[in-house]
Amino acid sequence: MSELNKIALKILSNGKGILAADESTGTMTKRLESVNVTSSPENRLLFRETLFSSESMKNCIGGVILYDETIKQTANSKQKIPELISSFNAVPGIKVDSGAKVLAGSPEEKITEGLDGLRERLKDYYKRGARFTKWRGVYNISDKYPSKLSIHSNAHALARYSSIVQECKMVPIVEPEVLMDGNHSAEDCFDKTSAVLKKCFEELALHNIDLAGIILKPNMILAGASSDKKLSNEDVAKLTLKCLKENVPSEVPGIAFLSGGQSELEATENLNLINKYNDTNFIMTYSYGRALQQSALKFWSKDIKNIQGTQKIFNHRANMCTLASQGKWSAELEKK
Ligand code: 13P
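Calculation rules
Residues numbered from 1 in each chain as written. Predicted model: local features only at pLDDT ≥ 70, side-chain atom pairs only at ≥ 80, totals over all residues. Heavy atoms only, no water. Helix = DSSP H or I, 4+ residues; strand = E, 2+ residues; numbered from the N terminus. Polar contact = N/O pair within 3.5 Å; in protein donor to acceptor, adjacent residues only side chain to side chain. Contact = heavy atoms within 4.5 Å. Pairing = 2+ DSSP bridges. Axes fitted to C-alpha atoms, helices over the stretch in contact; angles between N-to-C directions. Near = heavy atom within 4 Å. Nonpolar A, V, L, I, M, F, W, Y, C, P; charged D, E, K, R; others polar.

A.B. asks: Would you mind showing me how to read the side chain of Asp-22 here?
C.D. replies: Residue placement: Asp-22 occurs in the loop between β1 (17–20) and α2 (25–34). Of the polar contacts made by the side chain of Asp-22, one reaches the side chain of Lys-134; its length is 2.7 Å. If sequence neighbours within four positions are ignored, Asp-22 has contacts with Arg-48, Ile-65, Leu-66, Tyr-67, Lys-95 and Lys-134.

A.B. asks: Can you help me understand the sheet that holds β1 in this one?
C.D. replies: Strands in a sheet are paired, the pairing made by backbone hydrogen bonds, and the direction either parallel or antiparallel. On the basis of which strands lie adjacent, the closed barrel formed by eight strands has the order β1-β2-β3-β6-β7-β8-β9-β10 and parallel pairing. With two bridges connecting them, strand β8 (residues 215–216) and strand β9 (residues 254–257) associate as parallel partners. Within the sheet, the bridge partner assigned to Ile-215 lies in β9 and is Gly-254. Contacts from helix α8 (residues 148–167) reach β6 (132–139) and β7 (171–178) within the one sheet, and its direction differs from that of β6 by about 175 degrees.

A.B. asks: Explain the environment of Pro-218 to me, please; I cannot follow it from the model alone.
C.D. replies: Position of Pro-218 relative to the elements: it lies in the loop between β8 and α10 (233–247). Each C-alpha atom, one on Pro-218 and one on Thr-38, is 32 Å from the other, the two residues being 180 residues apart in sequence. In contact with Pro-218, other than residues within four places in its own chain, are Pro-176, Leu-244, Ile-255, Ala-256, Phe-257 and Leu-258.

A.B. asks: Help me understand the site of the ligand in this model?
C.D. replies: In the neighbourhood of the ligand, 13 residues make up the surrounding shell, with Lys-134, Lys-217, Ser-259, Gly-260 and Arg-290 lying closest. Here Gly-260 contributes a backbone N or O atom positioned 2.7 Å from an oxygen atom of the ligand. A distance of 2.8 Å separates an oxygen atom of the ligand from a polar atom in the backbone of Gly-289. Contributing elements (two or more residues each) for the shell around the ligand: β6 and β10 (283–288). Of the residues assigned to the shell around the ligand, the class counts are three nonpolar, four polar and six charged.

This is the structure we're talking about:
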């Protein structure tokens, strides 16, 4: 077993999942302002530190994705943030792309940037304790999108990123996110996600990536957020599994879904059903941002000193997601 494969399994095994707390300062500011909290470095740290020192860090959270600001911060407990995360036996990770920019040649689409100087930044993040990384490619659906250009160029960037990350002895999370925005059908999402994944794995193969040392972070197969033809949760699970079985090589150890704008409950229930029907060898777990943090953030915003109350809410959500990663969640458990 390679070292990279060991790291991936440490993050994903036994129902554990990933807490995606890597919102850029711009995104975090929007989240905090939406609940009337000032977005200062101190407040961003306080909320994140509250989550990172919760009980569920021991048994539910296998890895935390950090943002550049956070990996360099020291917690109020005086521990450096990566040390705080490692003290629970969870693995610190870091977002390393510099965001999705206008794709020249198809300006209604996006290309993720951040390859320049990546090797040097990775060496610094490794010294700070990071052992895995994230890069998100983003694709929108319409009758003409994603274009071949967007599918090709984002796959190429994801593969170049992955090869530099593996060279630096870290596990790359490969995140091609086909967005939920729009009124497209689930079949459309299935076809377009399949094309995106196929191209990503072609490029990863071309760049000699050790597939046992990556984590795939895809979207689930859903109808567009403004479509009136919603799928049942069973069909979401079945179509998602079909898409992954057809497009993901079996060497990949695990798949950690993004929540992508689903509610906490939808994201939990869909993951649970995916695991109930999972007839593959892939670990299927979560790498949620909003679907792990939403309720905790809302509660915290009412009294930012109420650490224990906030942690109770976060622990519940993380426990529910970890049960869903094992196909053991049920709606009744939400009430306990
Ligand atoms: P969401 O679960 O809120 O989609 O965030 C996950 C993530 O990391 C997006 O890049």
